[in-house]
Amino acid sequence: MSYLNANQDVEYIREVSDQALDLMSEYNVIPSPPNYQIWYNYAAEEDMSLTKAIDDLIRKKKAFTSEVCANLHEKFFSTNKEHDAVSTAGKGIQKELTRLAKTVGDMNKDTFKYSSALSDSLEDISSIPGGQELKLIITSLLENTSEITTRNTSAQKQLKDSAQTVQKLQAALEAVRQESLTDMLTNIGNRKYFEESLQKAIADDLKTDDNLCLVIGDIDHFKKFNDSWGHHVGDQVLKAVAHSIKTRIGDTGMPARYGGEEFVIVIPDTTLEKAQEISENVRQSIAQRSMKRKSTGESIGKITCSFGIAQYRPGEHRTHFLERADAALYKSKSMGRNRVTLEEDVPQNVVKMAAG
């Protein structure tokens, strides 16, 4: 790193740090290390989910109490770094144990060849003067070789068993990782899964220059509906919507529950027009469902969703990508809900707002 780049990095860190402290002061946030981590990342705009979450709280004029800040930190900074480190180490150990097992196996083969050669020599040595003494020496060597072979075979078995154990632990870690990326209620991806999927999709898009679209969907009037029928029925609706999205999307995209009643779908290698067609199929599938209360069979009416779609612009920040899709969603809401809106149909002066 050059001296100039180092200075630029330092200046950037100072600028973001000052901005974070100013924001904490403005919103009366206790200047604890976890809170500083939250607001530094917010000021740096590195995590668009965190940015949106704080923007929503600010817009709703919510106080950043200790509980609110603790919840933010738990959501966005309870990472899997330890898991990733263990997983990486596990793969390395498994690979090394497999290599050692192969090495021991090769040694066994060589030892067997050596033992066979000694045995053959015993047959030829009897006819040589003084051969009896040599025969005793070779017999002793054969016994030692046999002991080495036995120990090597045991070591090879232990190494194979260890490699299998590591493999099982690796599979368990992967299962935990998958669980950490799954929304337990709807059984589709969660916010963390969305973040990882979008980051990878953007990286792939920059390499291949394929189209990448982002769809944001929101259940219409969900709060009012949830208040009227209760959270248990609300959970039933969330599951039904997630199922419709997952079924209609298939392998085309990566759906996730972004939070509350909001869903996101990352669709790689897809034009806006194709993404609109997919979203329209999802919207119709949801609108055609007739929801009933499981406990009583009582009809609870139709559920509809609104959608907004944006196409990635190479080089833009992920947050801006999300904002454009969010603005399209807001447009769908403002035009009566239960519709799909493309970003190109949103006026440039529309400011991002949360859909109600």
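Residues numbered from 1 in each chain as written. Predicted model: local features only at pLDDT ≥ 70, side-chain atom pairs only at ≥ 80, totals over all residues. Heavy atoms only, no water.

Visitor: Help me understand the overall build of the protein chain in this model?
Guide: Each helix and strand in the protein chain was counted, giving 11 helices and 7 strands. Residue burial in the protein chain is summarised as follows: out of 356 residues, 38% are buried. Restricting the contact set of the protein chain to residue pairs at least 6 apart, pairs at least 24 apart contribute 65%. When the accessible surface of the protein chain is totalled, it reaches about 20700 Å², and 53% of it is carbon and sulfur. (Helix = DSSP H or I, 4+ residues; strand = E, 2+ residues; numbered from the N terminus. Buried < 20%, exposed > 50% of the residue type's maximum accessible area, 1.4 Å probe, protein only. Contact = heavy atoms within 4.5 Å. Areas by Shrake-Rupley, 256 points an atom, 1.4 Å probe, with all protein chains shown as cover.)

Visitor: Hey, could you run me through the sheet that holds strand S6 (residues 305–311) in this one?
Guide: The pairing of strands in a sheet comes from backbone hydrogen bonds and takes either a parallel or an antiparallel form. Pairing within the open sheet is mixed, and its 5 strands lie in the order S2-S3-S1-S6-S7. The strands lining the two open edges of the sheet, one partner per strand, are strand S2 (254–259) and strand S7 (340–342). For this sheet, the mean angle separating the axes of adjacent strands, direction not counted, is 20°. In this structure, strand S1 (residues 212–219) lies alongside S6, joined through 7 bridges in antiparallel fashion. Following the sheet pairing, Gly-217 is matched in S6 by Phe-307. (Pairing = 2+ DSSP bridges. Axes fitted to C-alpha atoms, helices over the stretch in contact; angles between N-to-C directions.)

Visitor: Just checking my understanding: could you explain the nonpolar core for this structure?
Guide: Most often, soluble globular proteins keep nonpolar side chains buried together rather than apart. Formed by 30 residues in total, the largest nonpolar core has its most connected members in Ile-219, Val-237 and Val-241. Breaking this core down by element, the ones donating at least two residues are S1, helix H8 (222–229), helix H9 (231–249), strand S3 (262–268), helix H10 (272–287), S6 and S7. The element best represented in this core is H9, accounting for 8 residues. In this structure, Val-241 is in contact with Ile-219, Phe-263, Ile-286, Ile-303 and Cys-305, ignoring residues within four places of it in sequence. Judged by nonpolar contacts, the second largest core, of 19 residues, contains Ala-20, Ala-43, Ala-44 and Phe-64. (Core = buried A, V, L, I, M, F, W, Y, C linked by side-chain atoms within 4.5 Å.)

Visitor: Is there a simple way to think about the side chain of Asp-218 in this case?
Guide: Turning to its location among the elements, Asp-218 is positioned in strand S1. Within the structure, Asp-218 has its side chain in polar contact with the side chain of Lys-333 (distance 2.7 Å). If we ignore the near neighbours within four places in the chain, the residues touching Asp-218 are Glu-261, Glu-262, Thr-304, Cys-305, Ser-306, Leu-329 and Lys-333. (Polar contact = N/O pair within 3.5 Å; in protein donor to acceptor, adjacent residues only side chain to side chain.)

Visitor: Looking at this model, I keep getting lost on the packing of H8 against H9. Mind explaining?
Guide: Packing of H8 against H9 brings their axes to within 7 Å, and their N-to-C directions diverge by 135°. As summarised for this structure, H8 and H9 are arranged oblique, according to the angle between their axes. Contact residues: Phe-222, Phe-225, Asn-226 and Trp-229 in H8; His-231, Val-233, Gly-234, Val-237 and Leu-238 in H9. Looking at the contact of H8 with H9 residue by residue, the classes come out as 6 nonpolar, 3 polar and no charged. (Parallel < 35°, antiparallel > 145°, perpendicular 65-115°, else oblique. Nonpolar A, V, L, I, M, F, W, Y, C, P; charged D, E, K, R; others polar.)

Visitor: Even after reading the chapter, I still don't get the pattern of salt bridges, so can you show me in this structure?
Guide: Tallied over the entire structure, the rule returns 12 salt bridges. The partner of Arg-257 in a salt bridge is Asp-183, with the nearest N and O atoms 3.4 Å apart. Of the two residues, Arg-257 sits in strand S2 while Asp-183 sits in the loop between helix H6 (131–180) and helix H7 (191–208), which places them 74 residues apart along the sequence. Here the two residues Arg-257 and Asp-183 agree in accessibility, since each one is buried. Asp-227 is the partner of Lys-223 in a salt bridge, and the nearest nitrogen-oxygen pair spans 3.2 Å. Within this pair, Lys-223 and its partner Asp-227 are both found in helix H8, separated by 4 residues, close to a single helical turn. Accessibility classification places Lys-223 together with Asp-227 in one group, the exposed group. Because the salt bridges share partners, they merge into one network encompassing Arg-313, Glu-316, Arg-324 and Glu-343. (Salt bridge = Lys/Arg side-chain N within 4 Å of Asp/Glu carboxyl O.)

Visitor: Can you help me understand the packing of aromatic side chains in this one?
Guide: Each aromatic ring pair is described using two quantities: the centre-to-centre distance and the angle formed by the ring planes. Overall, the coordinates contain 7 aromatic pairs when judged by the stated rule. When the ring of Tyr-27 is compared with that of Phe-64, the centres are 5.7 Å apart and the planes differ by 65°; the resulting orientation is edge-to-face. A residue pair is termed long-range when its members are at least 10 positions apart, and Tyr-27 in the loop between helix H1 (3–26) and helix H2 (33–44) and Phe-64 in the loop between helix H3 (48–59) and helix H4 (66–77) qualify at 37 residues. According to the relative accessible area criterion, Tyr-27 is partly exposed, its value standing at 25%. (Phe/Tyr/Trp six-rings, centres within 6.5 Å; stacked < 30°, edge-to-face > 60°.)

Visitor: What is the right way to read the pairing of S6 from this model?
Guide: In the case of a regular strand, side chains alternate between the two sheet surfaces. Among the 7 residues of S6, 6 are classified as buried, and the element is accordingly described as predominantly covered. As paired elements, S6 and S7 share 3 bridges and run parallel to each other. Bridged to Phe-307 within S7 is Val-340.

Visitor: Looking at this structure, I do not really get unusual backbone geometry. What am I missing?
Guide: A negative phi angle characterises most non-glycine residues, just as the trans form characterises most peptide bonds. Although it is not a glycine, Asn-28 sits at a positive phi angle of roughly 55°. Structurally, Asn-28 can be placed in the loop between H1 and H2. Of the residues examined, Asn-28 reaches a relative accessible area of 66% and is grouped as exposed. The phi dihedral of Asp-269 is positive, around 50°, even though this residue is not glycine. By the element assignment, Asp-269 lies in the loop between S3 and H10.

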